[in-house]
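So you can see what is in the structure, the chains are spelled out below.
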Amino acid sequence: MNDAGATALLLTHGDVPPVHEYNADGDSPFLFTSDHYGRIIPHALGDLGVPSSELERHIAWDIGIAGVAERLSDHLGVHLIAQRYSRLVIDCNRPPGAASSIPVISEATAVPGNEGLSDESKEIRRREIFDPYHRRIDEVIEARLHRGQPTVLLSLHSFTPVYAGVERPWHIAALYQRDRTLPPLLLQQLRAEGDLVVGDNEPYAVDDATDYTIPVHAEMRSLINTGIEIRQDLIDDQSGQQQWADRLARILKQVEETLRMEAVI
Ligand SMILES: [Zn+2]
C-alpha cells in the first residue's frame, strides 16, 4: 500500500474536510463546538443503506443547530469548530469503541452500511473524521490557553421533540457533569426568561461512557463548560434559528458578565 492509500481510504477528492471553522479569529471567552453539525456521508459509503428521508431526520445530525451556532457566533464573536459528517458515519461525541459510535441502529432505523464492519473500517472512519475534528479542538484550546485567552467551552446540540414515541417538554437544556460554575448560572438565566421549559440534565446528562467532547476537552482541563441542547422543532427554520440565536446571545452576554464579575474568567 502506498502512502496516499494509507492516508486517504475514506475521504477522497470529492469529499469536503470534516472540520468546519467559523469566526476563527473571534476573541470571545466562549468556544463553541458542534459535534453533530452536518449530515454529509463520504462518497465511498453511498447512503449507508439508509433511505434519504431518514437521512434528513435527527438520527443523522442535530437539526437546526448549524444555523443557531453560526448566528450566535456572529453575535458574540465566538470561534465555532464544527464537524460536517453525519453522526451515522461516526458519532463525534461518543468514545470510539462505544456501541453508539458507529451505530447499526439509531432510534428504530437500521443502518446496514454499519453492520459487520471490520476493526480496520472503523479505524479508518476514526482516523479521517473523528480524529481531525478532535485534534483541531485540542489545538485551538491549547493555543488559547498558551496565550492566556479565557476559554469557556459550550458544546452545542439539538434534540428531537419525540424520541421512541415519548414527547419531550423542554425547550432548551443545560447538560453537564463535573462543572459547578457555568451550569447553575446558565440554568438560572434560562429560567429567568419566564417562558421556557428548561431541562436540567434532561433529556440526558453528560457521562464519560456516552460523551466525548465535554469530558475530554473541557473536564480533563478543568475548563468551565456546559452542553446546550435546543429542541429541534423550535429551530428547524431560519426564523426560529434567528430568534434562538438572538435570545441566547443576550443570555450569554449576561453569563459572561457574571463570570467576569466572579473573576473566574
Ligand atoms: Zn448532538
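Residues numbered from 1 in each chain as written. Predicted model: local features only at pLDDT ≥ 70, side-chain atom pairs only at ≥ 80, totals over all residues. Heavy atoms only, no water.

## Looking at the packing of helix α4 (residues 182-192) against helix α6 (residues 238-261)
Put simply, the rule reads: Orientation is described by lines fitted to C-alpha atoms, with helices fitted over the stretch in contact, and by angles between N-to-C directions that extend from 0 to 180 degrees. By the criteria applied, helices consist of DSSP H or I runs no shorter than four residues and strands consist of E runs no shorter than two, each listed in order from the N terminus. Geometric relationships in this document are graded by angle, where less than 35 degrees denotes roughly parallel, more than 145 denotes roughly antiparallel, 65 to 115 denotes roughly perpendicular, and other angles denote oblique. Note on convention: the crossing is left-handed when the near helix lies turned anticlockwise from the far helix by less than a right angle, right-handed when the turn is clockwise. Between two residues, a contact is recorded if the distance between any of their heavy atoms is within 4.5 Å.
At a closest axis distance of 10 Å, the pairing of α4 and α6 adopts a crossing angle of 135°. Considering the angle they form, α4 stands oblique to α6. In this structure, the crossing between α4 and α6 has a hand that is right-handed. Residues L182, L185, L186, Q189 and L190 of α4 form the contact with α6, whose participating residues are L248, I251, L252, Q254, V255, T258 and L259.

## Observations regarding the pattern of salt bridges
Put simply, the rule reads: By convention in these notes, a salt bridge is any Lys or Arg side-chain nitrogen within 4 Å of a carboxyl oxygen on Asp or Glu. Exposure categories follow from relative accessible area, calculated using a 1.4 Å probe and restricted to protein chains: below 20% of the type maximum is buried, above 50% is exposed, and the middle band is partly exposed.
Evaluation of the coordinates by the stated rule reveals 18 salt bridges. Taking the shortest distance from any N to any O, the salt bridge between E54 and R57 comes out at 3.1 Å. By relative accessible area, R57 is classed as partly exposed at 28%. With its nearest N and O atoms 2.8 Å apart, the salt bridge here joins R221 to E142. Residue R221 is located in the loop between α5 (213-218) and β11 (225-231), and its partner E142 is located in helix α3 (residues 119-146); the two are separated by 79 residues in the primary sequence. The structure contains a network of salt bridges with shared partners spanning D62, R87, D91 and R94.

## Quick look at α6
Basically, it comes down to this: Given a helix with a known number of residues, its expected span is that number minus one, times 1.5 Å.
Given a rise of 1.5 Å per residue, 24 residues ought to cover 34 Å, and the 34 Å separating the end C-alpha atoms of α6 matches this to within 8%. Residue A263 follows α6 closely and has a positive phi angle near 60°.

## As for the coordination of the zinc ion
Note the cut-off: Sodium, potassium and calcium take a 3.2 Å donor cutoff, other metals 2.8 Å, and in both cases only N, O and S atoms count; water is not among them, so sites may look incomplete.
Distances from the zinc ion to its protein donors, H36 (ND1), D62 (OD) and H157 (ND1), fall at 2.0 to 2.1 Å. Each donor residue of the zinc ion belongs to the same chain, with the gaps between them written as H-x25-D-x94-H. You can see D62 sitting in the loop between β2 (30-34) and α2 (65-76) and its partner H157 sitting in strand β6 (residues 152-159), a full 95 residues away along the chain. Pair check on accessibility: D62 and H157 agree, each one buried.

## Some thoughts on the sheet that holds strand β9 (residues 172-175)
Formally: What makes two strands pair is DSSP finding at least two bridges between them.
Read from one edge of the open sheet, seven strands run β1-β3-β2-β6-β11-β9-β10, paired in mixed fashion. Each edge of the open sheet carries a strand with a single partner, namely β1 (19-22) and β10 (198-200). Strand after strand, the sheet turns through a mean of 20° between neighbouring axes, direction not considered. Where β2 meets strand β3 (residues 79-83), four bridges bridge the pair, whose relative direction is parallel. Following the sheet pairing, S34 is matched in β3 by A82.

## Concerning the side chain of R125
Heads up, the rule is: Within this scheme the basic residues Lys and Arg register as positive and the acidic residues Asp and Glu register as negative, but His and the chain ends are omitted.
Positionally, R125 belongs in helix α3. Buried and unpaired, R125 has no salt bridge, with E128 as the nearest side chain of opposite charge at 9.8 Å. Each residue touching R125, except ones within four places of it in the same chain, is listed here: L10, L45, L48, L88, V89, I90, I102, G113, N114, L117 and F130.

## Let's talk about the environment of W170
Residue position: W170 is located in the loop between β8 (166-167) and β9. Separated by 115 residues in sequence, W170 and L55 have C-alpha atoms that sit 24 Å apart.

## Things to note about α3
Here is the rule we go by: To get the bend at a residue, fit one axis to the 7 residues ending there and another to the 7 starting there, then take the angle between the axes.
Within α3, the axis deviates most sharply at R127, by approximately 40°. Burial in α3 covers these residues: I124, R125, E128, I129, F130, P132, Y133, H134, I137, V140, I141 and R144. After α3 finishes, the residue G148 shows a positive phi value of roughly 75°.

## Focus on the packing of aromatic side chains
Threshold: Note on aromatic contacts: the rings of Phe and Tyr and the six-membered ring of Trp form a pair at centre separations within 6.5 Å, being stacked when their planes are under 30 degrees apart, edge-to-face when over 60 apart, and tilted otherwise. Two conditions define a charge sitting above a ring: the NZ of Lys or the CZ of Arg must be within 6 Å of the ring centre, and it must be within 35 degrees of the ring normal.
Within the structure shown, the criterion is met by one aromatic pair. Relative to Y212, the ring of F130 lies with its centre 4.8 Å away and its plane at 70°, an arrangement referred to as edge-to-face. Note that F130 is positioned in helix α3 and Y212 in the loop between β10 and α5, a separation of 82 residues in sequence. Residues F130 and Y212 agree in their burial class; the two are buried. Sitting over the face of the ring of W61, R39 holds its NZ or CZ atom 5.2 Å from the ring centroid. One Lys or Arg, R247, reaches over the ring of W244 and ends 5.2 Å from the middle of that ring.

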